[in-house]
Every structure is written in structure tokens, then in C-alpha cells.
Amino acid sequence: MCLPVCLAEGGGTLPAPQFDQLPWAVRFATQDKVSYHGLVSYDQSGIAANGMLYPAPNVVGLLAAIATHAVIADSAKEKQKQELRSKADLIIAPYLSELIGFKYEELGQRVRKKIGNRSLSFVEPDITDVSGLLIASQPTFSLTQDQRAVVLDDFISIYLGDSKEKPVYQATIRIVSGRVSHDPISQFWRNNAGENLKDIAANLAAEAYTIAYRDASHQDWLPQTMRSVKYGLGNSSQVERAQVLQYMCGRTVLRTLRGGLMSVPNESDAQENENDCAAGGFQFSNVQAQKDNAAG
């Protein structure tokens, strides 16, 4: 299995990009309430090695002792991770009443407006027979603990033509929003029945689909040199070792060491308002226009 990014074996590719002509159909895994959580860091979930000794009378006993310890350690780690997730979710709790009616169907409608593609549609979770591209999406949104940014994590599969059972492309994608500077921040998220939480989710999802499409259709990225990229995550900064694929609209598209895709705000532009760049600035028409201007 070729994750987090893979193309079909045998050199399979998507057709040449015709953003306004090739129909898209996006299929969410569920039509239930959109998944919104608090962003959690698992950095503290590991159990440090403690030089444990394994008293055993022979090799078989030693292996059994090691295996038993591994099971106990894994169970303890999973319990610790669950505790971290539960604690992280406390940050989104004050806004759950605004998000209770926010379902994937509404998210799809909002994404369609962001992308502005008339041939974009959203289909039921059990649909497999569509013309053009079928993009299977499993988006989850997370509010940072300082409440200054929203992060989308998605696993995207693209099906084309007769490839209804086997995707021609798969990728894990993380999109980090720009820093939200409004104060008081809690009121900003509550305003108009949680409109800002819903709108930023649509921006991030639209950007994720556009980046996945560009990557799958082999559009030209920048020369892929590995480097350390510093970017804004709310009020904090993060560093990712990755290949830089594209700079645009105060943002950077990356391919991580594990092969996943990321779009992050440049640290110098971390306070950029997300609405200044529709869908994060990655609408295909905007990309093509910028390439055309550069060529001219």
C-alpha cells in the first residue's frame, strides 16, 4: 500500500487539468455532523524507556516477558492518548451548540461556493458511479488550544473512470489556517451561530481538494528540495522538514518526509485574514493566471 501519497501502479495519471470542464464529485464518508475537535499534541504521550530488566530463566521466557511488556506499554500509551484527546476537546466545547446543526451536506454547499466550479457536486456516501472525478473525503477540523487557528486533516482518495474499486490517487492532507487576530476570540467564533467556524472549514476543505487535484494531475510544482520550513500555528510557530511545492498568497504547500501534503501560512504572514485569499488562494484559475503572468 502506497500511503500517505500514491499514484496508480503502471504510471496511471489524471487527465490534463481542465478545472472548469472536468466534473468533480466529492463524497464524504458520512452525512452526519461535521467533525470538530480541539487540536491535540501527542508529544507527551510516549512512555520513556526506563531501563527495565526482564528476569527470565531462558530465551523463551525473555521473549514472552518482552512481548507482555510491549502489550502493557501500548495499552498505557493508548489510554494516555485518549486522555489527551478528551482534554484537548474541552477547547471546542463552548461552541458545540453553534456546530450541532453543521452537517457535511452544508459543508459541501459552502465548499462549492468557495471553489466556484459549476461542475462540482456532492454525492451520497454510497455513490460510486459518477462521470469525471470522484473525490472521497474524510475531513476533520481542529481548533488550536489558543483558539487562533483551525486545522483540517483529511484523507483523500480520487477515483476516475473505471477505477471505482481502486483509487488512482490517495493522500493525507493537512491544511493550517492563517492566524485569527479578532478579539475577543470566543465571541468571534460564536458570532452568527458559529458562522466563522463554518466558513473557515469550507475554506480549508476547498484548498485541500484543489491541492490534491493539482498533485494528482501532475501539475508543475517547484523543484522539490528538502528544507526546514517554519510556519505559524495560531500564536505559536512550528517547523516541518519538507519539500516546498508552491508559494502563494502568504501560504506554502509542502510534501512532508512521510509523503503527506500540507498547506501552511508563512510565518511572516501568520496574521493574514483567511478571507483575503478565497479557498486559501489555491483556486486553480488563480494558479493558472499567476503562471500565465509569470510566463508573460
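Residues numbered from 1 in each chain as written. Predicted model: local features only at pLDDT ≥ 70, side-chain atom pairs only at ≥ 80, totals over all residues. Heavy atoms only, no water.

**Thoughts on the overall build of the protein chain**
To keep it simple, the criterion reads: Every helix listed is a DSSP run of H or I at least four residues long, and every strand listed is a run of E at least two residues long, numbered separately from the N terminus. Think of it in three bands: residues with accessible area under 20% of the maximum for their type are buried, residues over 50% are exposed, and the middle band is partly exposed, with areas taken using a 1.4 Å probe on protein chains only. Only heavy atoms enter the contact rule, under which two residues are in contact if any of them lie within 4.5 Å.
From N to C terminus, the protein chain includes 5 helices and 12 strands. A total of 296 residues make up the protein chain; the buried ones form 45% of that total. Considering only contacts within the protein chain whose residues lie at least 6 apart along the sequence, 70% involve residues at least 24 apart.

**Here we look at helix α4 (residues 185–216)**
Going by this rule: Here, expected helix span is obtained from the residue count minus one, scaled by 1.5 Å. Two axes enter the definition of the bend at a residue: one is fitted to the seven residues ending there, the other to the seven starting there, and the bend is the angle between them.
In this model α4 runs just 37 Å from its N-terminal to its C-terminal C-alpha over 32 residues, more than 12% under the 46 Å that 1.5 Å per residue would give. Taking the largest bend as the criterion, α4 deviates by roughly 115°, centred on Asn-192. Counted residue by residue, α4 has 24 buried out of 32 residues, so it is predominantly covered. Count one or two residues on from α4 and you reach His-218, which has phi positive near 60°.

**Here we look at the pairing of strand β7 (residues 150–160)**
What counts here: DSSP bridges decide pairing: two strands pair if at least two such bridges lie between them.
A large share of β7 lies buried, amounting to 8 of its 11 residues. One ladder, built from 4 bridges, connects strand β5 (residues 133–137) with β7; its direction is antiparallel. Within β7, the residue paired with Ile-135 across the bridge is Ile-158. Where strand β6 (residues 140–143) meets β7, 4 bridges bridge the pair, whose relative direction is antiparallel. Residue pairing across strands places Phe-141 opposite Leu-152, the latter belonging to β7. Joining the antiparallel neighbours β6 and β7 is a turn of 6 residues, in which Gln-147 adopts a positive phi near 65°. Sheet analysis places β7 next to strand β8 (residues 169–176), joined by 8 bridges and oriented antiparallel. Across the sheet, Val-151 pairs through a bridge with Val-176, a residue of β8.

**Let's talk about the packing of helix α3 (residues 104–115) against α4**
Rules: Lines fitted to C-alpha atoms define the axes, with helix axes restricted to the stretch in contact, and inter-axis angles between N-to-C directions lie between 0 and 180 degrees. Left-handed is the label given to a crossing in which the near helix is rotated counterclockwise from the far helix by less than a right angle, and right-handed is the label when the rotation is clockwise.
Running from N to C, α3 and α4 point in directions that differ by 65°, and their axes come no closer than 8 Å. For α3 against α4, the interelement crossing comes out right-handed. Together, Glu-106, Leu-107, Arg-110, Val-111, Lys-114 and Ile-115 of α3 and Glu-195, Lys-198, Asp-199, Ala-201, Ala-202, Asn-203, Ala-205, Ala-206, Tyr-209 and Thr-210 of α4 make up the contact between the two elements.

**Quick notes on the packing of aromatic side chains**
Note on aromatic pairs: each is described by the distance of the centres and the angle between the planes. Rules: Two aromatic rings from Phe, Tyr or Trp, using only the six-membered ring of Trp, form a pair when their centres are within 6.5 Å; if the ring planes differ by under 30 degrees the pair is stacked, by over 60 it is edge-to-face, and anything between is tilted.
Counted by the stated rule, this structure contains 5 aromatic pairs. Taking the centre distance of 5.1 Å and the plane angle of 40° together, the rings of Trp-24 and Tyr-213 count as tilted. Residue Trp-24 is located in strand β2 (residues 24–28), and its partner Tyr-213 is located in helix α4; the two are separated by 189 residues in the primary sequence. Trp-24 gets classed as buried once you look at its relative accessible area, which sits at 1%. With a relative accessible area of 1%, Tyr-213 lands in the buried category. Their ring planes at 45° and their centres at 5.1 Å tell us that Phe-28 and Tyr-104 sit as a pair that is tilted. With a gap of 76 residues between them, Phe-28 in strand β2 and Tyr-104 in helix α3 connect regions that are remote in the sequence. The buried category is assigned to Phe-28, whose relative accessible area is 3%. A relative accessible area of 5% means that Tyr-104 is categorised as buried.

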